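Structure at a glance
These are the residues of each chain, in order.
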Amino acid sequence: MANKSRGIVFLGAPGAGKGTQAVMVAKDLDVPHISSGDLFRDHLKRGTELGKLAQTFMDKGELVPDDVTIGMVKERLGQPDCLNGFILDGFPRTVPQAEALDAALAEMGKCISLVPYLRVRESMLMERLTHRWTCKACGAVFPYEAQPPRTGCKKEHCDGDLYQRADDNPETQKRRIEVYMKQTAPLITYYRQRGLLIELSGEHTIDYVYRILQDAIAISKYCGE
Ligand code: AP5
Ligand code: MG
């Protein structure tokens, strides 16, 4: 089925670098980057009911209920810009979400071609989240060692202000990692059994991880159905 729209699903704990890599891969392949966390944060910014509901879970580091999340992502995947492919980041995060995604993609005539799993040890995840700064305007993320940066975002002529995400505090980070271990880590086996998973260390530099990903994506285009 040469014309089937194919997607890539990024898997990994909070802070593993999913968003960092997903943005670059999406640009490379010219397909949309769909981050469930960003979709929730956008609802939050717009003050929608969905956003208000999501916030109560996000603030605690808990997952937003499956039915709400699945509906939101399915709606996004049905948009015309996903016709030539898509990158999912942060979804699915539970086995029921993965099953719902498989069913929805089959209905839409789409499929998953690759699931990169970025493995990073917990101490490094905590370190990265503590020092992450995000651009209010374009959503780019930056690793800053200690102090808030004095300058704004400099990504591709953007000059948005940088902020720290409300859930990037030690207590919520810890809970997000616990929730990941319990509810999301089973997806490693789920996708490995389907022959879609590639596991790579996310502890290398951003550029090095990206180069490995580019190779894996190039190979995956010629494999599978
Ligand atoms: P979401 O926004 O998805 O957050 P997350 O999974 O907690 O992941 P992060 O965005 O924190 O990490 P990341 O892997 O993207 O890392 P990043 O690239 O930024 O979800 C937030 C909340 O929304 C959830 O807790 C939940 O409540 C809700 N939610 C979302 N999806 C849901 C779903 N499907 N179901 C239910 N609820 C859902 O990198 C982190 C930092 O490290 C950055 O500063 C970056 O610059 C740096 N960095 C990245 N790579 C490297 C590297 N190789 N070397 C050095 N530094 C690096
Ligand atoms: Mg992210």
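An account of the accompanying structure is given in this report. Keep in mind the model is a prediction, meaning the values are calculated, not measured.

Parameters at a glance
- Residues numbered from 1 in each chain as written.
- Chains lettered and ligands numbered in written order.
- Predicted model: local features only at pLDDT ≥ 70, side-chain atom pairs only at ≥ 80, totals over all residues.
- Heavy atoms only, no water.
- Pairing = 2+ DSSP bridges.
- Helix = DSSP H or I, 4+ residues; strand = E, 2+ residues; numbered from the N terminus.
- Buried < 20%, exposed > 50% of the residue type's maximum accessible area, 1.4 Å probe, protein only.
- Near = heavy atom within 4 Å.
- Polar contact = N/O pair within 3.5 Å; in protein donor to acceptor, adjacent residues only side chain to side chain.
- Areas by Shrake-Rupley, 256 points an atom, 1.4 Å probe, with all protein chains shown as cover.
- Nonpolar A, V, L, I, M, F, W, Y, C, P; charged D, E, K, R; others polar.

Focus on the sheet that holds strand β7 (residues 162–163)
Strand order in this open sheet of 3 strands is β6-β5-β7, and the pairing throughout is antiparallel. With partners counted over all chains shown, the strands left at the sheet margins are β6 (141–143) and β7, one partner each. Pairing of strand β5 (residues 132–135) with β6, which is carried by 3 bridges, proceeds in the antiparallel orientation. Bridge pairing in β6 places Trp-133 opposite Phe-142.

Here's the deal with the pairing of strand β3 (residues 86–89)
For a regular strand, the rule is simple: side chains alternate between the two faces of the sheet. Alternating positions in β3 separate into two faces, Phe-86 and Leu-88 on one and Ile-87 and Asp-89 on the other, with burial throughout. As paired elements, strand β1 (residues 5–12) and β3 share 4 bridges and run parallel to each other. Residue Val-9 lies in a different strand from β3, and its bridge partner there is Leu-88. As defined by bridge partners, strand β2 (residues 33–35) adjoins β3 across 3 bridges and the pair is classed as parallel. Paired with Ser-35 across the strands is Asp-89, a residue of β3.

Observations regarding the site of ligand 1
Lining the immediate environment of ligand 1, one finds 34 residues, of which Thr-20, Glu-62, Arg-93, Arg-132 and Arg-176 sit closest. Contact between ligand 1 and Gly-17: an oxygen atom at 3.1 Å from a main-chain N or O atom of the residue. In this structure, an oxygen atom belonging to ligand 1 sits 3.2 Å away from a main-chain N or O atom of Phe-142. Its free accessible area being 1000 Å², ligand 1 has 94% of it covered by the protein chains. Breaking the shell around ligand 1 down by element, the ones donating at least two residues are α1 (18–29), α2 (36–46), α6 (122–130) and β6. For the shell around ligand 1, the element with the most residues is α2, which contributes 4 residues. Classifying every residue of the shell around ligand 1 by side-chain character gives 13 nonpolar, 12 polar and 9 charged.

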